[in-house]
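# Residue-level structure breakdown
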Amino acid sequence: MADFRDYTCPLCAEAQRDPVTIPCGDTFCLDCIKIYWDHSDHLGVYSCPQCQATFTPRPILRRNVPNVGNREHRQPLPELTPFPYKRDALCDFCTGRRNRAVKSCLMCLAYYCETHIKPHYESATFKRHKLVDETGHLDRKICPQHEKGLELFCRSDQMCICVLCTVREHRSHNIVSADDERTEKQKVLVVTQTEVQHVIQDRMKELQELKHNVDVLKGNAQRAQTDSDKIFTEMLQAVERWHAEIIQLIQANLQASMAQAQGYIERLEQEIMELQKRDAELRQILETEDNIHFLQNFPTLSVAPEPMVPKVLINPEFSFSEITKTVSDMKEHLDDICKKELGNISKQVSDTSIYVLIPRSGGRLNAALRVDIQEPKTRLDFLRCESELTSITSHFLFIYIIHPFTERASPKILFTDSCKLTFDLNTAFKELALSDGNRRVIRKRTTQYYPDHPERFDGFCQILCREPLSGRRHYWEVEWNGEFSIGVAYKSISRKGKNSNSLLGYNDKSWSLLCSDSGYSAWHNKMDKDLPGAVHASRIGVYLDYSGGSVSFYAVSETIELIHRFKATFSEPLYAGFGVGSSVTLCVMEKKQ
């Protein structure tokens, strides 16, 4: 005879403790079956975990010792078979062609069509079954370990479980029914939904206002364009009138001069004819052999003729050049006026924000509309146009992306913003040699005999420029070889010792871009940011908008690509600074009016 402890409880998979046999004949641990049935009290229907037999009311449990025989003749326990279920949303009880399921039962774990669902509505047997509209993903409502329906919720592990999970995996956990947990969490979702609805209402209102403002902006832009077209048409008409008057003036002067010249030409031609006639008479009298005839005509022919027409010369200085000069002056005056007024318009538009972004709680911005503005792709665009707050046309056509911490809209970068810089010898590390009028610096790796100076860097191979930068916008470019750093720094940056206080980008007094053949990284106050994907270039452009509070670094080649932009509030003049690996050359940039 075998001990009853040789039997295993199907629920806990261990030797049975205080075994009890339920009405269907299956045996379980007393505690295991009690816990299993405790979670079915809300349904009033109790089932056997083994054979799925149901009991109403709850059977009374009594301890017993099972009547066992030899272990060799003992029948193996049947496997725990889950109630069949389907993954497809088709009725599980249709034969032949199955109809689409309209309900699923969380008790039966099956799908039902309109025909086979009727017993659940009509029979009292199914009155405690729970029907739901969801006809898909019923497999997600099954415990993957025990293949039982997920009816409970473990608050300790924050997960849905089945009644068998309470016996082992979640024993002694804080377990409630799925309905109770749903009630509690639904309260939270209701509050969240209310907040979402309020946010939706606010956003809808903001969206309508923004769309209205955009329409107004478009209308203003259209009116401005129409007015400009009209004014420029009138200006062109005025220029055409001036052109016609100038042409008329030239033609009138030409005609008057030609008429006067024609009179002189005719008189000269008449005088020449008279002189030719006199010459013929003289030739004839000189050839005559009649002396009496010769002497009689001599008094008349011997008198020299007097000029009939004064000598006329064309003034070589009169070539209508005064008119040409006057027209040229008119053009220059017109260009000056247009440039001046266009500059005033551009400045006015640049200094006037189209709209203001107000930070919300959590750092979010009140930005409902975002339009990407690409960086300029050519050097000419870069030097003549704004990189993101472009020209007047752009101001009328674009709304700018403003990030929570960095205003992407950059100021105007023009030739007029370029500045001429020179290296300051008094700041140069003793291995640096200057040339080309202090516009090129080379690291010699040998000590240069410079006198001591309080502004000289003695710990790092660095140098600053002489010119202070403040108040407005400044742009410069450099060419480099070897790993180097480029940036700006306050004059108060430390110059002595090998510590972070005197290294560009490693303190709150400097901003720098570290450049090497492998890439770039941005540094400020010991904080670095790798910049993967940035275009490598041997020429770097730096744009400092002192009043706007930004310093930007660009890779300059046939195209212009933004590498990185710092945003800051500058409190004292800045100086261009460099950490030299091999050589650095300050590029000469011609200003254009």
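## Looking at the sheet that holds strand 22 (residues 574–579)
- As summarised here, the arrangement of the 6 strands in space is 13-22-15-16-17-18, forming an open sheet in which the pairing is antiparallel. Two strands bound the open sheet, and with one partner strand each, they are strand 13 (462–464) and strand 18 (527–530). In this sheet, neighbouring strand axes are inclined to one another by 20° on average, regardless of whether the strands run parallel or antiparallel.
- Relative to strand 22, strand 13 runs antiparallel, the two sharing 3 bridges. Residue Ile 463 lies in a different strand from strand 22, and its bridge partner there is Phe 578.

## Looking at the packing of helix 3 (residues 178–287) against helix 4 (residues 291–301)
- Two numbers describe how helix 3 lies on helix 4: the axes approach to 10 Å, and their chain directions differ by 150°. Considered as vectors, helix 3 and helix 4 are oriented roughly antiparallel to each other. Seen along the crossing, helix 3 lies across helix 4 with a hand that is left-handed. Contacts between helix 3 and helix 4 involve Arg 278, Glu 281, Leu 282, Ile 285 and Leu 286 from the former and His 293, Phe 294, Asn 297, Thr 300 and Leu 301 from the latter.
- The class makeup of the residues in the contact of helix 3 with helix 4 is 5 nonpolar, 3 polar and 2 charged.

## With respect to the packing of aromatic side chains
- Taken as a whole and judged by the stated rule, the model has 12 aromatic pairs.
- With a centroid separation of 4.9 Å and 15° between ring planes, the pair formed by Phe 93 and Tyr 112 is classed as stacked. Of this pair, Phe 93 sits in the loop between strand 4 (54–55) and strand 5 (103–105) while Tyr 112 sits in strand 6 (residues 110–112), placing them 19 residues apart in sequence.
- We classify Tyr 112 as buried; its relative accessible area is 5%.
- Relative to Tyr 543, the ring of Tyr 475 lies with its centre 6.4 Å away and its plane at 45°, an arrangement referred to as tilted. Of this pair, Tyr 475 sits in strand 14 (residues 473–481) while Tyr 543 sits in strand 19 (residues 539–545), and the two are 68 residues apart along the sequence. Like Tyr 475, the residue Tyr 543 is buried in the burial classification.
- Linked through ring pairs, Tyr 490, Trp 511, Tyr 546 and Phe 570 together constitute an aromatic cluster.
- The ring of Phe 457 is capped by Arg 495, whose NZ or CZ atom sits 5.4 Å from the centre of that ring.

## Details of the nonpolar core
- With 43 residues, the main nonpolar core has Trp 476, Val 478, Phe 484, Ile 486, Trp 511, Ile 540 and Phe 578 as its most contacted residues.
- With sequence-adjacent residues up to four places away left out, Trp 511 is seen in contact with Ile 486, Gly 487, Val 488, Tyr 490, Trp 523, His 524, Val 551, Phe 553, Phe 566, Ala 568, Phe 570 and Leu 574.
- Core analysis: the next-biggest nonpolar cluster, separate from the first, contains 24 residues, Ile 22, Cys 32, Trp 37 and Cys 143 among them.

## Some words on the pattern of salt bridges
- Throughout the structure, instances matching the rule amount to 14 salt bridges.
- The residue Arg 58 makes a salt bridge to Asp 38 at a minimum N-O spacing of 2.9 Å. Separated by 20 residues along the polypeptide, Arg 58 in the loop between strand 4 and strand 5 and Asp 38 in helix 1 (residues 30–38) bring together distant segments of the chain.
- Residue classification places Arg 58 among the partly exposed positions, given a relative accessible area of 25%.
- By relative accessible area, which is 38% here, Asp 38 ends up partly exposed.
- For Glu 181, the salt bridge goes to Lys 185, with nearest N and O atoms at 3.0 Å. Taken together, the residues Glu 181 and Lys 185, both in helix 3 and 4 residues apart, mark about one turn of the helix.
- Residue Lys 185 is classed as partly exposed on the basis of its relative accessible area of 37%.
- Through salt bridges with shared partners, one network takes in Arg 155, Glu 181 and Lys 185.

How each quantity is defined
- Residues numbered from 1 in each chain as written.
- Predicted model: local features only at pLDDT ≥ 70, side-chain atom pairs only at ≥ 80, totals over all residues.
- Heavy atoms only, no water.
- Pairing = 2+ DSSP bridges.
- Helix = DSSP H or I, 4+ residues; strand = E, 2+ residues; numbered from the N terminus.
- Axes fitted to C-alpha atoms, helices over the stretch in contact; angles between N-to-C directions.
- Parallel < 35°, antiparallel > 145°, perpendicular 65-115°, else oblique.
- Left-handed = near helix turned anticlockwise from the far one by under 90°.
- Contact = heavy atoms within 4.5 Å.
- Nonpolar A, V, L, I, M, F, W, Y, C, P; charged D, E, K, R; others polar.
- Phe/Tyr/Trp six-rings, centres within 6.5 Å; stacked < 30°, edge-to-face > 60°.
- Buried < 20%, exposed > 50% of the residue type's maximum accessible area, 1.4 Å probe, protein only.
- Lys NZ or Arg CZ within 6 Å of the ring centre and 35° of its normal.
- Core = buried A, V, L, I, M, F, W, Y, C linked by side-chain atoms within 4.5 Å.
- Salt bridge = Lys/Arg side-chain N within 4 Å of Asp/Glu carboxyl O.

Nothing here speaks to function; it is all geometry.
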